[in-house]
Amino acid sequence: MPELPEVETLVRQLRPLLTGRRIHGVHLTHEDILDGVTRRALHRGLIGATITAIDRRAKHALLHTDRQILAIQPGMSGTLIHHVGRMTTALRQYAVLQCELDDKSTLIYRDVRRIGTIRWLDADGWERYATRLGPEPLDPEFTAEEFADRIARSDSAIKKVIMNQRQVVGVGNIYANEALHAARINPRTLASKVSRRKLIALHAEVRRILQAAITSGGSTIRDYVSSAGEEGRFQQSLDVYGRGGQPCRTCGAMLATTHAIDNRATVFCRRCQR
Ligand SMILES: [Zn+2]
């Protein structure tokens, strides 16, 4: 389940391996993950293109080439793998997109359930697409004040608001649960009713948790494995996510689980998060 830290981890691992590489061959198994581009146009665009840079915006891995930008948004079960040597049967399974590179390595976008999306955009197309994305939580220019102003405008449950990609990008279910617990905010509270002081604390916690997750290589939950085939270690430091029914590490009360906010598992402490 790649969230911002997992995509950032992938991008950091792939950057030295992919930058400067030329794409020799392309194999796409299914077209249902393409958005706004046909199989033909993607093939024609990618074959012969050179990867000039790789970075991340929200949960998209952006492969800049000397032609256009390949924007991959891994779905719940999606990941990017850099493979050296012959493709094995195991690797080929669920490899939706394979790009053969000029150093005989292969970049694979693997997605068991094919919920991810692949786009092929010119710079203007990407700019237009990116206008619907909210600010980056780790951008130093996105201050606590701005975060609080933005979030406080909404009358939805705070958990929904911080997971809304138009408000702030990259905060998925795991990190929303963790940040709200650390900032001692009940996930159900309407964003407009959360105190300014707590919103400022939440901004700091979102940043701290995402940063820590990046440092430890992301969380490995279900199918996510980083491009080097290593499992992320951050899930070991999760305080609430996946710990419903277990004692709160802050106060010892039993953590509660609800699906009533957004149909996803929300784990929180009734005592710490009032
Ligand atoms: Zn507690």
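Details of the structure are given in the entry above.
Heads up: these notes are all about the structure in this document.

Rules behind the numbers
Residues numbered from 1 in each chain as written. Predicted model: local features only at pLDDT ≥ 70, side-chain atom pairs only at ≥ 80, totals over all residues. Heavy atoms only, no water. Pairing = 2+ DSSP bridges. Helix = DSSP H or I, 4+ residues; strand = E, 2+ residues; numbered from the N terminus. Axes fitted to C-alpha atoms, helices over the stretch in contact; angles between N-to-C directions. Salt bridge = Lys/Arg side-chain N within 4 Å of Asp/Glu carboxyl O. Buried < 20%, exposed > 50% of the residue type's maximum accessible area, 1.4 Å probe, protein only. Contact = heavy atoms within 4.5 Å. Donors = N, O, S within 2.8 Å, 3.2 Å for Na, K, Ca; no water. Tetrahedral: all angles 85-135°; square planar, octahedral: opposite > 155°, others 65-115°.

Here we take up the sheet that holds strand S2 (residues 51-57). Spatial ordering of the open sheet is given by S2-S3-S4-S8, a layout of four strands whose pairing is antiparallel. Every other strand in the sheet has two partners, leaving S2 and strand S8 (117-121) as the edge strands with one partner each. Strand-to-strand twist of the sheet, defined as the mean angle between neighbouring strand axes without regard to direction, takes the value 20 degrees. Looking at chain direction, strand S4 (residues 69-73) and S8 are connected through five bridges and run antiparallel. Its bridge partner being in S8, Ile72 is matched across the sheet by Ile118.

Below, the discussion takes up the environment of Leu14. In this structure, Leu14 sits in helix H1 (residues 4-18). Taking the C-alpha atoms as reference points, Leu14 and Thr38, 24 residues apart in sequence, are found 25 Å from one another.

This brings us to the pattern of salt bridges. Taken as a whole and assessed by the stated rule, the structure comprises 14 salt bridges. Glu136 is the salt-bridge partner of Arg57, the closest N and O atoms lying 2.9 Å from each other. Placement of Arg57 in strand S2 and of Glu136 in the loop between helix H4 (123-130) and helix H5 (144-152) is noted, with a sequence separation of 79 residues between them. With respect to burial, Arg57 and Glu136 carry one shared label: buried. Arg196 is paired through a salt bridge with Glu145; the nearest N and O atoms lie 2.6 Å apart. On the criterion of sequence distance, the pair formed by Arg196 in helix H8 (residues 196-215) and Glu145 in helix H5 is long-range, its members being 51 residues apart. Bridged by salt links that share partners, the residues Glu8, Arg12, Arg56, Arg57 and Glu136 form one connected network.

Another aspect to go through is the environment of Pro5. Within the secondary structure, Pro5 is located in helix H1. Using a relative accessible area of 0% as the deciding quantity, one classes Pro5 as buried. Between the C-alpha atom of Pro5 and that of Ile174, which follows or precedes it by 169 residues, the distance is 11 Å. Once residues within four sequence positions are removed from consideration, Pro5 is found in contact with Tyr175, Leu210, Ala213 and Ile214.

Here we take up the coordination of the zinc ion. Protein coordination at the zinc ion comes from Cys248 (SG), Cys251 (SG), Cys269 (SG) and Cys272 (SG), with a distance range of 2.2 to 2.4 Å. Angles of 99 to 114 degrees at the metal separate the four donor atoms of the zinc ion, which places the site in the tetrahedral class. On the primary sequence, the residues serving as donors to the zinc ion are separated as C-x2-C-x17-C-x2-C. Remark: Cys272 occurs in the segment after strand S10 (266-268) and Cys248 occurs in the loop between H8 and strand S9 (256-258); sequence separation between them is 24 residues. Cys272 sits in the buried class, given a relative accessible area of 7%.

Structural measurements only, silent on function.
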